[in-house]
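Understanding the architecture of this molecule
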There are 2 protein chains.
Amino acid sequence: MPLGERGGWERSESRYCGVETDFSDDVPSLLSFNISTGGFDYVLAPLMNPSYRPSLVEGKGSETQVLPVSGSDLVLAPSQWSSHVVGKVSSWIDLDSEDEVLRMDSETTLKQEIAWATHLSLQACLLPTPKGTSCANYARCVNQILQGLTTLQVLWLRVPLVKSDDATSEGLTDSWELWNSFRLLCEHDSKLSVALDVMSTLPSETSLGRWMGESVVVSGKPVHNLPKASDSNSEGTQRHPLRSYLDYVAYLFQKMEPLPEQERIELGYRDFLQAPLQPLMDNLEAQTYETFERDSTKYIQVCCYQRAVAKALVDRVPDEKASELTTVLMVVGAGRGPLVRASLQAAEETNRKLKVYAVEKNPNAVVTLHNLVKLEGWEGIVTIISCDMRFWNASEKADILVSELLGSFGDNELSPECLDGAQRFLKPDGISIPSSYVYTSFIQPVTATKLYNDVKAHKDLAHFETPYVVKLHSVARLAPSQSVFTFTHPNFSTKANNQRYKKLQFNLPSDAGSSLVHGFAGYFDSVLYKDVHLGIEPTTATPNMFSWFPIFFPLRKPVEVHPGSPLEVHFWRCCGSSKVWYEWSVSSPTPTPMHNTNGRSYWVGL
Amino acid sequence: MPLGERGGWERSESRYCGVETDFSDDVPSLLSFNISTGGFDYVLAPLMNPSYRPSLVEGKGSETQVLPVSGSDLVLAPSQWSSHVVGKVSSWIDLDSEDEVLRMDSETTLKQEIAWATHLSLQACLLPTPKGTSCANYARCVNQILQGLTTLQVLWLRVPLVKSDDATSEGLTDSWELWNSFRLLCEHDSKLSVALDVMSTLPSETSLGRWMGESVVVSGKPVHNLPKASDSNSEGTQRHPLRSYLDYVAYLFQKMEPLPEQERIELGYRDFLQAPLQPLMDNLEAQTYETFERDSTKYIQVCCYQRAVAKALVDRVPDEKASELTTVLMVVGAGRGPLVRASLQAAEETNRKLKVYAVEKNPNAVVTLHNLVKLEGWEGIVTIISCDMRFWNASEKADILVSELLGSFGDNELSPECLDGAQRFLKPDGISIPSSYVYTSFIQPVTATKLYNDVKAHKDLAHFETPYVVKLHSVARLAPSQSVFTFTHPNFSTKANNQRYKKLQFNLPSDAGSSLVHGFAGYFDSVLYKDVHLGIEPTTATPNMFSWFPIFFPLRKPVEVHPGSPLEVHFWRCCGSSKVWYEWSVSSPTPTPMHNTNGRSYWVGL
């Protein structure tokens, strides 16, 4: 039974516990003892008698030979095989041995065992740890096998969790690097993942951190003197010698803090690639507004705007003039009205008089706005303008210009271009909310095996050159984020433009060992007004705000980074007459090709 | 006039000489002075007034501005523009400057100049040397331009030929490395090549050698005190100040040894990718036999066989038994008969009695064989067997088995599999020609920009996983070749198989600087009998033999190799029930994915 279900209430994700067994040709008893009696979810069982060697089989007539496997496929129902047995490939195999006979025997056995596992519909097989530092022939053979597997099958490569600093000093291979070489030789196949043998000591936290970006199965050995498991034929009432371990793991799992509601709702979005919105070129759908507003009414974002507007109103109109001056406030990109409401509440809170223009280009949202105004009785205060803010001819100028045009990467939904158009009707001394240093974007390099494989699965260049909105989860953040582009509004300079270029250098921690960079996680931060800011950059993120997931810029080919060699990255924001796009590349330690040249794969329409 | 045409007789390839000029808005006079009078083939002329800066252009109304280019497109005929003018992009541009205005001006100017060159149908433009060590923004902008160029246009990036050792000691960038970074950022585009400024001192030969794999334009400055070129308006009879240089270069070119006839014939094959033959699965065409036989009758290959057979005959039959013993010789894969003829000549030369079986599976070649036997009156000596050697039931056993089944990589046309079948009818003490250590294959890492780009042009994985037969020419050989697979015939062991695995380590010379490995050049060597060998491995190649071009194994992504980090390469020969194929990969300095897993892209049918 999955650990999560033991407590009877919903957990983030189900986890399963298996138990590793010796070879047995009585698989039904093995299951009965370990699963029915022991309570484990599956057994990790050798598929072939460990004494078998193909080269020792007598005679040439292999057609009369029967492989010494763990019993006929008929001893279990197909569903039992597939859900309760993980195949353990013979651990003696050594495909990179100097001994050619051993190498050939290993290749034959490995292929026979996987073929048998496939015949049994097993979902996973465990491959033994590569012996020695060289693993190219092993990887070649596994890669041949991977090409023939269905997408439902996976292979786990067993790797001991060795400290990277120990490894270096003793000439051993760092276990992450061994894994990385192996999977790169195997074409970064999504059907290959890693089973980590946790040892008695753990590597440093930064070294361990690299595994966060991988799909990992954890394994460990008993550390106590356990009673020997009796024959699997013994009576079913006997307690499984590892039962205490299982109970303790379940206890730990159930003691975990339950996820907050919002996190549970977003569970399905974890590491799921979404194409960014194009709110300027396309009209948003009701569903999208719903998601944003549900969030904004309940959570922090709308409060931040209300606080910012309130501060701006007080700065603009001193107390003594509160009853006489009316502030003209324009909400550009009003959508279905959340910022109109926030502004009116700020006015009420500060006792300031307000006149509001709600500018919205989406005629469908305008319908809702009209109903809102009527329903709330705002007719005398709020004027609805059904027009693209870039082309509206305002009859008067605004004291305060309020907008919420932020994308996950700040400017990726074209806020700079929109506000360049809208600032025409802001008074020269008017206030823009967000204000100066409005949009700053940030990136950091990440290991993100799942995301990379999902991009790769499309088998085209375009998907490697598209930034995605994604709730990052199984991701290793390899260095603190750094700022990329900054936009200031209003900006009345005639030389101003919205093209940007930034060169960044990331130094990865020296005690982590090598890493693989699959791409960059992107964030934004925005100063709404004075000390009121709003953002998703992890170290300064506005708490409890869920409207924005980060953005992910993939790399066409992951870049290996070694300690001591900085990672040099370039980001461009390019502007054409009808579109805006990003280009990006890595120049060190090895140059990658430019991504998204001329916006050929991804662009935002003006 | 191209240098090659000056002498009036054919040269290997035409070369052209151009002259670099200052900006002039009188292009017709420029051409008249330098080409009609001076005798050069083209001018390298700035396209834009060097004092122009976009940011200095007054007013916003750029629609009223005329770019200060070198005269209207009408001043020359289109064919004159395209064949006599190479555009020189303003050398002041600096796209990686810290100064944003200079950076923006540079980008605008670069794009304007290339657009103007494209309008004029110029075939090439020279880009100035990147300033400083960083070039990512320059590369990004050039890459944008490259995506828009037609395949007839090229850009030359100007790079000074700086010694790599000087560069290291002074913190400068090695010029090859600068070029390599730039082109990798530009997606290894085939429309970008390099113009090398030769300086007063040259780098070491190994460092220079890296340029052999690139498409290079050579440029240099006068080293004498020359008379100043007078106005281009001066009378046409005046001698061009650089005329002596042009004459001297032409003199040097004409003094070069003319190419041997065979090399001239093969000129069209230089760096041209050919799919390897599949003589076992397909029947060869008459054209192919023609090529091989033309070569074999004239050149060394058939003589080698004749010498080998003669030695074997003498070893087999002592002089005193020459008139009494008849040696049974079988030519397996007899084709249209060249080795039958060579064997008979060897018998005549050594006064040995011979009985010949000519075994050939191609029924079309058998027709020719029959006519040959009749024509030469060999009916009593030669028996023609129209059968695949693997399936023939011979009525007697052979003393000598002669075959010529070599591919460029030795075993790539399946000689091991064929001879395994044929050795059934060789006497236990019989002689195989080729004999022991028959087929040894060799590889060496190469830089081969043209070959890589030709493979890339197919835009699929399959072409990157196919070895090609190719007459290597513009190739930098980065390390001496090493042996890969060896096959010994006859081989009567029951455990024998034709699968092979070889791990190789190449250490590149430490004084060369970094290199880019595009793939591997492959060769073979074969011991026909005792000291008679036949092969194409460069250091031991049989002279004057032209039947085989080398083989080229590409890499899906070129691998950068730095001095001190060895290149570790793996090659496999894999055998299935109906096909044989190679797989290959690099594991150090960075792992590449496996190539041709399960023979998915390239295989030889059994």
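Refer to the structure printed above.
Keep in mind that what you see is a predicted model, and the values were worked out from it rather than measured. (Residues numbered from 1 in each chain as written. Chains lettered and ligands numbered in written order. Predicted model: local features only at pLDDT ≥ 70, side-chain atom pairs only at ≥ 80, totals over all residues. Heavy atoms only, no water.)

**Things to note about the overall build of chain A**
When you go through chain A residue by residue, the secondary structure sums to 17 helices and 23 strands. Within the span of chain A, comprising 606 residues, buried residues form 53% of the whole. (Helix = DSSP H or I, 4+ residues; strand = E, 2+ residues; numbered from the N terminus. Buried < 20%, exposed > 50% of the residue type's maximum accessible area, 1.4 Å probe, protein only.)

**As for the packing of aromatic side chains**
On inspection of all chains with the given rule, the structure shows 37 aromatic pairs over all chains. Each ring, one from Tyr452 of chain A and one from Phe464 of chain A, has its centre 5.5 Å from the other, and the planes form 45°; the classification is tilted. Residue Tyr452 of chain A is found in helix H16 (residues 449-456), and its partner Phe464 of chain A is found in helix H17 (residues 461-464); the two are separated by twelve residues along the sequence. In this structure, Tyr452 of chain A and Phe464 of chain A share a single accessibility class: buried. Where Phe553 of chain B meets Tyr582 of chain B, the ring centres are 5.8 Å apart and the plane angle is 85°; that geometry is what we call edge-to-face. Of this pair, Phe553 of chain B sits in strand S20 (residues 551-561) while Tyr582 of chain B sits in strand S22 (residues 579-588), and the two are 29 residues apart along the sequence. For Phe553 of chain B, a relative accessible area of 0% translates into the label buried. Through pairs of rings, three or more aromatic residues link up here, namely Phe409, Phe485, Phe520, Phe553, Phe571, Tyr582 and Trp584 of chain A. We note Arg53 of chain A situated over the ring of Trp92 of chain A; from NZ or CZ to the ring centre the distance is 3.6 Å. (Phe/Tyr/Trp six-rings, centres within 6.5 Å; stacked < 30°, edge-to-face > 60°. Lys NZ or Arg CZ within 6 Å of the ring centre and 35° of its normal.)

**Re the packing of helix H4 (residues 100-119) of chain B against helix H5 (residues 136-148) of chain B**
Residue and element names in this part refer to chain B. Look at H4 against H5: their axes get within 11 Å of each other, and the N-to-C directions meet at 25°. Between H4 and H5, the angle is such that the two are roughly parallel. For the element pair H4 and H5, the recorded crossing hand is right-handed. Along its contact with H4, which presents Arg103, Glu107, Leu110, Lys111 and Ile114, the element H5 presents Asn137, Tyr138, Arg140, Cys141, Val142, Gln144 and Ile145. Counted by class, the contact of H4 with H5 contains six nonpolar, two polar and four charged residues. (Axes fitted to C-alpha atoms, helices over the stretch in contact; angles between N-to-C directions. Parallel < 35°, antiparallel > 145°, perpendicular 65-115°, else oblique. Left-handed = near helix turned anticlockwise from the far one by under 90°. Contact = heavy atoms within 4.5 Å. Nonpolar A, V, L, I, M, F, W, Y, C, P; charged D, E, K, R; others polar.)

**Some words on the pattern of salt bridges**
Overall, the coordinates contain 54 salt bridges over all chains when judged by the stated rule. Between Lys191 of chain A and Asp189 of chain A there is a salt bridge whose closest N-O contact spans 3.3 Å. By relative accessible area, which is 11% here, Asp189 of chain A ends up buried. Here Arg183 of chain B makes a salt bridge to Glu214 of chain B, at a shortest N to O gap of 2.8 Å. Of this pair, Arg183 of chain B sits in helix H7 (residues 175-185) while Glu214 of chain B sits in the loop between helix H8 (205-209) and strand S7 (216-219), placing them 31 residues apart in sequence. For the pair Arg183 of chain B and Glu214 of chain B, one class covers both residues: buried. A network of salt bridges, in which partner residues are shared, links Glu20, Lys88, Arg158 and Asp197 of chain A. (Salt bridge = Lys/Arg side-chain N within 4 Å of Asp/Glu carboxyl O.)

**Details of the sheet that holds strand S17 (residues 500-506) of chain A**
Neighbouring strands of a sheet are bound in pairs by backbone hydrogen bonds; such pairs are parallel or else antiparallel. Ordered in space as S17-S21-S22-S23 (chain A), the four strands form an open sheet in which the pairing is antiparallel. Each end of this open sheet is capped by a strand with a single partner; those strands are S17 and strand S23 (604-605) of chain A. Summarising the sheet, strand S21 (residues 567-575) of chain A and strand S22 (residues 579-588) of chain A pair through eight bridges and their orientation is antiparallel. Along S22 of chain A, the bridge assignment pairs Val569 of chain A with Val586 of chain A. In the packing of H5 of chain B onto the sheet, the strands contacted are S17, S21 and S22 of chain A, and the crossing angle to S21 of chain A comes to about 45°. (Pairing = 2+ DSSP bridges.)

**Some thoughts on the pairing of strand S8 (residues 326-332) of chain B**
Residue and element names in this part refer to chain B. With six of seven residues buried, S8 is to be regarded as a mostly interior element. Note: S8 against strand S9 (residues 353-360), seven bridges, orientation parallel. If you follow Thr327 over to S9, its bridge partner there is Leu354. The parallel pair S8 and S9 is bridged by helix H13 (residues 338-350), and the resulting crossover is right-handed. In the sheet, S8 pairs with strand S11 (residues 398-403) via four bridges, with the strands oriented parallel. (Right-handed = clockwise from strand over helix to strand, strands pointing away.)

**Here's the deal with the sheet that holds S11 of chain B**
All names here are of chain B. Across the sheet, five strands lie side by side as S10-S9-S8-S11-S12; this open sheet has parallel pairing. If you trace the sheet from one side to the other, it starts and ends with strand S10 (382-386) and strand S12 (426-433), each paired once. Here the strands of the sheet are splayed against their neighbours by 25° on average, with no regard to which way each runs. Note: S11 against S12, four bridges, orientation parallel. The partner of Ile400 across the bridge, within S12, is Ile431. Each of S8, S9, S10 and S11 touches H13; the most contacted strand, S9, lies at about 175° to it. Sheet strands in contact with helix H14 (residues 363-376) are S9 and S10, and its direction is about 170° off that of S10.

**Re the pairing of strand S18 (residues 515-529) of chain A**
Residue and element names in this part refer to chain A. By the criterion of burial, S18 is predominantly enclosed, with 14 of the 15 residues buried. The pairing of strand S13 (residues 439-447) with S18 spans eight bridges and is classified as antiparallel. Its bridge partner being in S18, Tyr439 is matched across the sheet by Ser526. Sheet topology note: the S18/strand S20 (residues 551-561) ladder contains seven bridges and is antiparallel. Looking at S20, one finds that Ala521 is bridged to Phe552. Both S18 and strand S19 (residues 532-535) contribute to a ladder of four bridges, which runs antiparallel. Its bridge partner being in S19, Val527 is matched across the sheet by His533.

**Observations regarding the interface of chain A and chain B**
Tallying the contact residues gives 42 residues for chain A and 42 residues for chain B. For the pairing of chain A and chain B, the buried interface totals around 3,400 Å² over both sides, and the portion due to carbon and sulfur atoms is 53%. Where chain A touches chain B, the interface holds four salt bridges. Note that Glu187 of chain A and Arg600 of chain B form a salt bridge whose closest N and O atoms lie 2.9 Å from each other. One can count 18 residue pairs in polar contact (both at pLDDT 80 or more) joining chain A with chain B. (Buried area = accessible area lost by both parts, 1.4 Å probe. Polar contact = N/O pair within 3.5 Å; in protein donor to acceptor, adjacent residues only side chain to side chain.)

**Focus on the relation of the copies chain A and chain B**
Overlay of chain A on chain B (RMSD 0.1 Å): rotation 180°, translation along the axis 0.0 Å. Classification of the inter-copy transformation places it as that of a two-fold axis. Looking at the rotation axis and the C-alpha trace of chain A, the residue lying nearest is Lys557 of chain A, at 4.9 Å. (Least-squares fit on C-alpha atoms with pLDDT ≥ 70 in both.)

**Thoughts on the side chain of Asp94 of chain A**
Residue and element names in this part refer to chain A. Residue position: Asp94 is located in the loop between strand S3 (85-88) and helix H4 (100-119). For Asp94, which is buried and forms no salt bridge, the nearest opposite charge comes from Lys131, at a distance of 5.9 Å. At 3.3 Å, the side chain of Asp94 forms a polar contact with the backbone nitrogen of Asp96. With residues up to four places along the chain from it excluded, the contact list for Asp94 reads Leu102, Arg103, Ser106 and Lys131. (Lys, Arg positive; Asp, Glu negative; His and termini not counted.)

**Focus on H4 of chain A**
The end-to-end C-alpha separation of H4 of chain A is 28 Å, in line with the 28 Å expected for 20 residues at 1.5 Å each. The set of residues buried in H4 of chain A consists of Arg103, Asp105, Ser106, Glu107, Thr109, Leu110, Glu113, Ile114, Trp116 and Ala117 of chain A. Looking at the buried residues of H4 of chain A, the elements they touch are S3, strand S4 (124-127), helix H5 (136-148) and strand S5 (154-160) of chain A together with strand S17 (500-506) of chain B. With a side-chain oxygen positioned 2.9 Å from the backbone nitrogen of Val101 of chain A, the residue opening H4 of chain A is Asp99 of chain A. Of the residues trailing H4 of chain A, Ser121 of chain A is marked for its positive phi of about 60°. (Expected span 1.5 Å × (residues − 1).)

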